[in-house]
Amino acid sequence: MIYLLEQKLLQNANEFRYMYFGIILTILFYLFYKFLHEIIKECKKEENIKSKITKIVKNKYLIGIIVTILPIILEIFLYKNYKINFSKGTYIRLAYIYALYIIIAIYKFIINHEEKFKKILNFCVKHRYTIAIIVFALLVICKIHFSSIGMWNNYIREGIDSTLLGKSRAIRSDEWLVTTPFNLSQQYNGFKLINDNLNLGNNDMNIFHAPVLDLSIVVRVFSWGYILFGNEIGLSWAWVLKFIAMFIIYFELGMIITKKDKVLAVMLAVWLTFSPAIMWWSMLDTIAFAMAIVVLFNAYISNKNISIKKKILIAFGMIVFLCQFAFALYPAWQVPLAYIILAFVIVDFIKYRKNLSKKDYLIMGITILITILILAYFFVTSWNGINAMMSTKYPGGRAETGGDYDFNRLTNYYTNFFTPYTDDYENPCDLAAYIFPGLSIAILLLTYIINIVKDKKIKTTLKDKNNWYILAILIVLTIFLLWLACKWPSALAKISFLYTSPTKRTALIFEFGCVIVTAILAKKIFDRKEKLINNKVALAISILITILTYFVAKNGLYANTFSTFKYVVLLIAIFAINYTFLSSNKKAFAYVIVIISLFVGGYVNPISRGTSVITDTEIAQTAVKIANEDKEGIWIGESQVNAQYLVANGLKVLNGINEYPNYDWIEKLDPEHKYEEVWNRYAHIAIILDKETSFDLLSTDIYFLHLTYDNLKQLNIKYLYTNVKADETKKDNFKLETLYENDLTGQYIYEIN
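Residues numbered from 1 in each chain as written. Predicted model: local features only at pLDDT ≥ 70, side-chain atom pairs only at ≥ 80, totals over all residues. Heavy atoms only, no water.

A. Seen up close, the overall build of the protein. The number of helices and strands found in the protein is 34 helices and 11 strands. What you see for the protein is a C-alpha radius of gyration of 29 Å, in line with the 27 Å of a compact globule of 753 residues. Projected onto its principal axes, the C-alpha positions of the protein cover 100 × 75 × 50 Å. The 753 residues of the protein split such that 53% are buried. Of all intrachain contacts in the protein linking residues separated by at least 6 positions in sequence, the fraction that spans at least 24 positions is 71%. For the protein, the distance from the average position of its 78 positive side-chain charges to the average position of its 59 negative side-chain charges is 18 Å. (Helix = DSSP H or I, 4+ residues; strand = E, 2+ residues; numbered from the N terminus. Rg over C-alpha atoms; globule rule 2.2 N^0.38 Å. Buried < 20%, exposed > 50% of the residue type's maximum accessible area, 1.4 Å probe, protein only. Contact = heavy atoms within 4.5 Å. Lys, Arg positive; Asp, Glu negative; His and termini not counted. Charge placed at Lys NZ, Arg CZ, Asp CG, Glu CD.)

Laid out in C-alpha cells, this is it:
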C-alpha cells in the first residue's frame, strides 16, 4: 500500500514533500513533547544521576524520535541528498524503511495481544467456509476480478479502464489477450463446443477451457458464472472463486501436513497462493486442482466417522477436481504434480485403509467410473481438436530426456522481490519461482538425520507414520532432482512420463514440493522441546547464507538490475526467513513468510471491475453495430490484438489467436503446404495487406499472414479493423471504404468492397 501511495503521489512531488514533512514534524513534535514530559518526571525523582541517564537513554519516546529521523539522516548522508530532493528513488527508499517499521510494530502488537489474535484466528478457521462464501458473494456482486484487461486501454485509448487498484500487466497476455477474450466470446456463440466466430469455426472451446454448455459443465464450476449470469459476473466468478478456492485448498493441505497447526496452515495458504510462480503464471488452476485431490482423499479416508452425505459430497468434489486436473491438457505440469498426488494418496491409503468399508470402496469405484465417463466424453467430443493440437509444430508432442536444467535459474527468485514494482525485467513470468529457505532446509534435514542416526532411531523414525509424508515427498523431489540434473534413457523417460515435462517446467513443481517439505519440517522442529539448532548457531548460519546470497546475486545474470537499496531489501528478507526458521521461532517465521509472500505476489495482478474497457468503447460499439447489420460478414484485425478485441465482442474473425490451424482456409492460401512449418502451430496471427501471399514466422508463436486483394475475396473477408490509417494507395488497391475513423485514438474500420 505504501508503494501504491508513493506511485500516486509521485505526480505531485512538491505537494507530497510538504505533506511528508508535515506528518514527520507532527510525529516528532508529539514524541518530543512526551519525551520532555518524561524527563521532567525523572528529574523530580530522588535517584542518582547514572540511574536517571540510563532511564532517559532507554526512554521509548527518545527511541521513537531517533527511529523517525534515522531514514532522513541515512538519505542525506548515504546518498548525499543534502537538499532533500524528493526524487522517485527517495520516495521508494523512505517508504520501504517506514514500511519495515510498521511491519515490526504490527508483529509486536500481535505478540502483545496474542490471546485476542488466537480467538480471531480460531473464529476465522471455524467459520472459514461461511466467510469464504460471504467474501465470494460480495466480490462477485461488485463484479470484482483480477484480470489485466485494463491493458486494452493502452490499445483502444478511449480512457476507459477497468483497473481499480494495481497495474495491468502486458506480459500477462496469455490471460488478457487470449483466454479472457475467448471466454467472453462464448456468450455470443451460445456456449457451443465449436465457436463459429473464431478461426472461421474451427476452434474447440473445451481445449481453451472456455465455458461450454455440454456434459463437462457439470464439473467446470469456474465457468458456471458465465452461463448463469453473463460475461461481467462470469469473469468475476471465475477469478474470485479460483483465488478463494486456492486459499482454502492450501489451508486444508497445511492442516493435514502440520497436524492441524492453524498458524502454519494459514502461513502455507498465503505462501502458496501469493507465490510469484502462481501469480505470474496461469498455473494456479493446475496446482490447486492437484492439491484439492490430495485434501479430499485425506478428508474421506482419515475420518471413519463422517456421514454418508459428507462422503458423497467429498466424492462429488473428487469428480470435479480429477476432471479439472485432466482438462488442463498441459502434461509439463500435470505429470510432476501427479507424482506429488500419488505420494500423498499412497501414504494416506497405507495409513488409513482400515477405516474403509465395502460401502466406501463402492463409493470410490462409482467416483472413478463417473470421472472416467466424463473424461471419455470430453476426449471423444474434443478429439479432433486435441489431435490437431498434438500434430502442430509448436507445441506439438514432446520427447524430453532431462538433464538440461540450468541450475543458475534457482537463483532467479532473488529477482521476484522486485518484479512487480519495476520494468527492469523483460519477462517476469520466466523468472517467477517459489521463495523458500533452501539451504536452511538442507541444513536442518541433515541435522535431523544425524540426530536420528546418533540416537539409533532409524527404524523407529521410518515406522512412525507421522514421518511418511516428508519421506514420500523427499523421494519425489529426489526423482525430480535426478531429472533436472541427469540425462535419462528415452525408455525410462517415457515409462516415467517425464518426457512430457521440460526441465524448466519440472523445476517449478520441484520448488513447490520444497515449500511443502519446509512446512512439514517447520512443524517438526518447532514442536521439539529442545531446539535442533541454538540461536547463536542459527544467527551465524543465517548471516553466512545472507552473505552468500549477496555474492550470488552480485555475480548473477541480473546483477545490473540491483541497486544498493535493492540489495539491502533482499538481504534483510533472506536473513529474516532463514533466522526465524533455523531458530525455531514459529510465530516470527510464519509472520515473515506471510509479509514476504504478500510483498512479492500481492501486487502482481490488479484489482479490476467489470468489462467496460472491452464492451463500452466507441470502437467496440461501432464494430458490434456493423456486425449486427451484416451477421455473415467476416472480419480481420491487422494485428492479433485488433482481432482478439473483435473476438471478445463476439464478431466473426479470421485471425487472432489460433490453437491449431483451420485447414479449410489455410489450404486455399497454401494448397501445396509450402509454409506448413510456419502456420502449423499455436499462433498469434497478424495480417499484412500485400501484393503476394506468404506466411512469415516472427517468433515461436507469432506469424505474419500476407494477404492480397484476391485472397480477401477468396476468403470472403469483408471488414478490416486496424490502428493504422490507410493511405489512398492502399484504399485503391484493396477497395477500402472508411466506416469509422478516429485519428485521436488511432482506430479505423474499413469495408472491403
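B. Main features of helix α9 (residues 173-185). A rise of 1.5 Å per residue sets the reference length of α9, with its 13 residues, at 18 Å; its end C-alpha atoms lie 17 Å apart and thus fit the reference within 8%. Bending of α9 peaks at approximately 30° at the position of threonine 179, with proline proline 181 no more than four residues after it. With 11 of 13 residues buried, α9 lies mostly within the body of the structure. Every buried residue of α9 is listed here: Ser173, Glu175, Trp176, Leu177, Val178, Thr180, Pro181, Phe182, Asn183, Leu184 and Ser185. (Expected span 1.5 Å × (residues − 1). Bend = angle between axes of the 7 residues up to and from the residue.)

C. Spatial organisation of the pattern of salt bridges. Counting across every chain of the model gives 19 salt bridges. Aspartate 424 is the salt-bridge partner of lysine 566, the closest N and O atoms lying 3.1 Å from each other. Taken as a pair, lysine 566 in helix α26 (residues 564-582) and aspartate 424 in the loop between α18 (383-390) and α19 (428-431) lie far apart in primary sequence, 142 residues in all. Using a relative accessible area of 14% as the deciding quantity, one classes lysine 566 as buried. What makes aspartate 424 partly exposed here is its relative accessible area of 41%. (Salt bridge = Lys/Arg side-chain N within 4 Å of Asp/Glu carboxyl O.)

D. Region of the structure containing the sheet that holds strand β8 (residues 702-707). The strand order across the open sheet built from 4 strands is β5-β6-β8-β7, with neighbouring strands paired in mixed fashion. Because the sheet does not close on itself, it has two edges, and the strands there are β5 (656-658) and β7 (694-699). The sheet shows a mean angle of 30° between the axes of neighbouring strands, direction not considered. (Pairing = 2+ DSSP bridges. Axes fitted to C-alpha atoms, helices over the stretch in contact; angles between N-to-C directions.)

E. Fine view of the packing of aromatic side chains. Under the counting rule described, the total for this entry stands at 40 aromatic pairs. With centroids separated by 5.0 Å and ring planes inclined at 80°, the aromatic side chains of phenylalanine 378 and phenylalanine 379 adopt a geometry described as edge-to-face. Given the relative accessible area of 0%, phenylalanine 378 is considered buried. For phenylalanine 379, a relative accessible area of 31% gives the class partly exposed. Look at phenylalanine 562 and tyrosine 567: their rings are 5.1 Å apart centre to centre, the planes differ by 25°, and that puts the pair in the stacked class. Across this residue pair, the class does not change: phenylalanine 562 and tyrosine 567 are buried. Between lysine 566 and the ring centre of phenylalanine 418, over which it is positioned, the NZ or CZ distance is 5.5 Å. The residue whose ring lies beneath lysine 735 is tyrosine 709, and the NZ or CZ to ring-centre distance is 4.7 Å. (Phe/Tyr/Trp six-rings, centres within 6.5 Å; stacked < 30°, edge-to-face > 60°. Lys NZ or Arg CZ within 6 Å of the ring centre and 35° of its normal.)

F. Summary view of the sheet that holds strand β2 (residues 163-165). Within the open sheet, the 3 strands sit side by side as β1-β3-β2. Their pairing is antiparallel. The open sheet has two edge strands with one neighbour each: β1 (144-145) and β2. As paired elements, β1 and strand β3 (residues 607-609) share 2 bridges and run antiparallel to each other. Note that in β3 the partner of isoleucine 144 across the bridge is arginine 609.

G. View of a nonpolar patch on the surface. Where nonpolar side chains cluster on the molecular surface, the patch consists of Leu215, Val218, Trp224, Leu228, Phe229 and Phe316 and spans about 560 Å² of accessible area. The biggest single contributor to the nonpolar patch is helix α10 (residues 224-229), with 3 residues. Relative to the helices and strands, tryptophan 224 is located in helix α10. You can call tryptophan 224 partly exposed: its relative accessible area is 31%. (Patch = residues over 30% accessible without salt bridge, like charges linked within 9 Å, V, L, I, M, F, W, Y side chains within 5 Å. Areas by Shrake-Rupley, 256 points an atom, 1.4 Å probe, with all protein chains shown as cover.)

H. Region of interest: the side chain of glutamate 659. Mapped onto the elements, glutamate 659 comes out in the loop between β5 and α31 (663-669). When residues no more than four places from it in sequence are discounted, the contact partners of glutamate 659 are Asn203, Ile207, Phe208, Met389, Arg681 and Tyr682.

I. Fine view of unusual backbone geometry. Cis geometry is adopted by the peptide bond preceding proline 395, which originates at tyrosine 394 and carries an omega value of 0°. Note that proline 395 resides in the loop between α18 and α19. Residues other than glycine seldom take positive phi values, yet leucine 200 does so here, at roughly 60°. Phi at serine 584 is positive, roughly 60°, even though this residue is not glycine. Mapped onto the fold, serine 584 is located in the loop between α26 and α27 (586-601). Overall, the relative accessible area of 16% leaves serine 584 in the buried class.

J. Main features of the nonpolar core. Grouped together as the largest cluster of nonpolar side chains are 188 residues, with contacts concentrated most on Tyr250, Met291, Phe417 and Trp635. When residues of this core are assigned to their parent elements, the largest contribution, 18 residues, is made by helix α11 (residues 231-257). For phenylalanine 417, the contacting residues outside a window of four places in its chain are Ile435, Leu570, Ala573, Ile574, Ile596, Phe599 and Val600. Counting residues in each nonpolar core, the second largest holds 27 residues, with Trp665, Ala683, Tyr709 and Tyr750 among its members. (Core = buried A, V, L, I, M, F, W, Y, C linked by side-chain atoms within 4.5 Å.)

K. Empty space enclosed by the protein, seen in detail. Using the criterion set out here, one finds 5 cavities of 30 Å³ or more in the structure. The calculated volume of the largest cavity comes to roughly 100 Å³. Surrounding the largest cavity, 13 residues form its lining, Arg409, Asp430, Ala432, Lys504 and Leu508 being those nearest its centre. When residues of the lining of the largest cavity are traced back to their parent elements, those giving at least two are α19 and α24 (503-526). For the lining of the largest cavity, the element with the most residues is α24, which contributes 5 residues. (1 Å grid on protein atoms, 1.4 Å probe; cavity = no way out; pocket = protein on both sides within 12 Å on 5 of 7 lines; lining within 4 Å. Points joined across faces, edges and corners; volume = space filled by probe spheres on them.)

L. Structural context of the pairing of strand β4 (residues 634-637). Of the two faces of β4, both are covered, the one formed by Ile634 and Ile636 as well as the one formed by Trp635 and Gly637. Note: β4 against strand β9 (residues 717-722), 4 bridges, orientation parallel. Note that in β9 the partner of isoleucine 634 across the bridge is isoleucine 717.

M. Quick look at the side chain of asparagine 199. Checked against the element boundaries, asparagine 199 lands in the loop between α9 and α10. Separated by 3.3 Å, the side chains of asparagine 199 and asparagine 658 make a polar contact. With residues up to four places along the chain from it excluded, the contact list for asparagine 199 reads Val653, Leu654, Asn658, Tyr660, Pro661, Asn662 and Trp665. (Polar contact = N/O pair within 3.5 Å; in protein donor to acceptor, adjacent residues only side chain to side chain.)

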